[in-house]
Amino acid sequence: MAAVKNRQRTAPGALTAFARFVLCGGAVGLASSLAVAALATRIPWGLANALISTVSTLLATELHARFSFGAGVRATWRQHAQSAGSAAAAFALTCTAMLALHQLVAAPGALLEQIVYLSASALAGLARFAVLRLVVFARNRSQAAAGDRATRPVPATVTQTAAPAVPAILCRAA
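Residues numbered from 1 in each chain as written. Predicted model: local features only at pLDDT ≥ 70, side-chain atom pairs only at ≥ 80, totals over all residues. Heavy atoms only, no water.

(A) Spotlight on the overall build of the protein. Scanning the protein for helices and strands turns up seven helices and zero strands. Helices (α) and strands (β) of the protein occur, in sequence order from the N terminus, as α-α-α-α-α-α-α. Put simply, the protein has 174 residues, and 23% of those count as buried. Long-range pairs, those at least 24 residues apart, make up 63% of the contacts in the protein between residues at least 6 apart in sequence. Of the roughly 11800 Å² of accessible surface on the protein, a fraction of 69% belongs to carbon and sulfur atoms. (Helix = DSSP H or I, 4+ residues; strand = E, 2+ residues; numbered from the N terminus. Buried < 20%, exposed > 50% of the residue type's maximum accessible area, 1.4 Å probe, protein only. Contact = heavy atoms within 4.5 Å. Areas by Shrake-Rupley, 256 points an atom, 1.4 Å probe, with all protein chains shown as cover.)

Shown next, in the form of structure tokens:
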């Protein structure tokens, strides 16, 4: 049982975490795109996109907390909020890139649009990975490590110091 707990608390290396991040995020993104298309047949597309984006961000944050970053526990509401903030920043970055493209090129072709969008998405994804790994889920690892240290017995150390030579100093100190 202790081995399982230790395995859950051990943070994966950066490459492993990144591979898991891409896998989880990609799977949720693919499922989300299908869900938006299906839901948009029943309700307006903007509402469908907003609902699916909210649900997919919550789901991805849970997957990242439990799997990608090795916390092994559910994400807190604070982590959900921070993750949503990073997702909103990523969305803003891709929108800005597309707006800039349309300001710079009068009629960009589909290939150029895809290159710009996918490049901005990749950059946003890298930034989001860094934020989630170094900020949002870093606290779990440091708290787990602190918890491990708190439960370990601290070895007692005896230190001898020289006693003051003058008894009057002892009296004043008391």
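After that view of the structure, there is still more to cover.
(B) Representation of the packing of helix α4 (residues 77–104) against helix α5 (residues 110–136). For the pair α4 and α5, interaxial distance at closest approach is 9 Å and the crossing angle is 155 degrees. Between α4 and α5, the angle falls in the class roughly antiparallel. The interaxial crossing formed by α4 with α5 has right-handed handedness. Contacts between α4 and α5 involve Q79, Q82, S83, S86, A87, A90, L93, T94, A97, M98, L101 and H102 from the former and L112, E113, V116, Y117, A120, S121, L123, A124, R128, V131, L132 and V136 from the latter. A per-class count over the contact of α4 with α5 returns 15 nonpolar, seven polar and two charged. (Axes fitted to C-alpha atoms, helices over the stretch in contact; angles between N-to-C directions. Parallel < 35°, antiparallel > 145°, perpendicular 65-115°, else oblique. Left-handed = near helix turned anticlockwise from the far one by under 90°. Nonpolar A, V, L, I, M, F, W, Y, C, P; charged D, E, K, R; others polar.)

(C) How the structure looks around a nonpolar patch on the surface. The grouping of L111, L112 and I115 at the surface amounts to a nonpolar patch, some 290 Å² of accessible area in total. Here L112 is to be found in helix α5. Among the residues examined, L112 registers a relative accessible area of 34% and is labelled partly exposed. (Patch = residues over 30% accessible without salt bridge, like charges linked within 9 Å, V, L, I, M, F, W, Y side chains within 5 Å. Salt bridge = Lys/Arg side-chain N within 4 Å of Asp/Glu carboxyl O.)

(D) Spotlight on the layout of surface pockets. A volume near 1300 Å³ is recorded for the largest pocket. Taken together, 38 residues line the largest pocket, and the ones lying closest to its centre are G29, S56, A87, A90 and Y117. Taken together, the elements giving at least two residues each to the lining of the largest pocket come down to α2 (14–39), α3 (45–68), α4 and α5. The element best represented in the lining of the largest pocket is α2, accounting for eleven residues. Its residues assigned to classes, the lining of the largest pocket comprises 22 nonpolar, 15 polar and one charged. (1 Å grid on protein atoms, 1.4 Å probe; cavity = no way out; pocket = protein on both sides within 12 Å on 5 of 7 lines; lining within 4 Å. Points joined across faces, edges and corners; volume = space filled by probe spheres on them.)

(E) Highlighting the side chain of Q79. Following the sequence through the fold, Q79 ends up in helix α4. Accessibility expressed as a relative area gives 3% for Q79, which makes it buried.

(F) Quick peek at the packing of aromatic side chains. Under the counting rule described, the total for this entry stands at six aromatic pairs. A cation over an aromatic ring shows up here: R20 above the ring of F67, its NZ or CZ 4.9 Å from the ring centre. (Phe/Tyr/Trp six-rings, centres within 6.5 Å; stacked < 30°, edge-to-face > 60°. Lys NZ or Arg CZ within 6 Å of the ring centre and 35° of its normal.)

(G) Quick look at the confidence of the model for the protein. Within the protein, residue pLDDT values average 78, and 74% of them lie at 70 or more. Predicted confidence in the protein is weakest over helix α7 (residues 167–173), with a mean pLDDT of 43, and strongest over α4, with 91. pLDDT under 50 marks residues 1–8. Its contacts with residues more than four places away, or in other chains, come to three contacts. (pLDDT = per-residue confidence, 0-100.)

(H) Region of interest: the side chain of H80. Structurally, H80 is set in helix α4. Given a relative accessible area of 9%, H80 falls into the buried group. Side chain to side chain, H80 and E62 meet in a polar contact 2.9 Å long. Leaving out residues up to four positions away in the same chain, H80 has contacts with L58, T61, E62 and A75. (Polar contact = N/O pair within 3.5 Å; in protein donor to acceptor, adjacent residues only side chain to side chain.)

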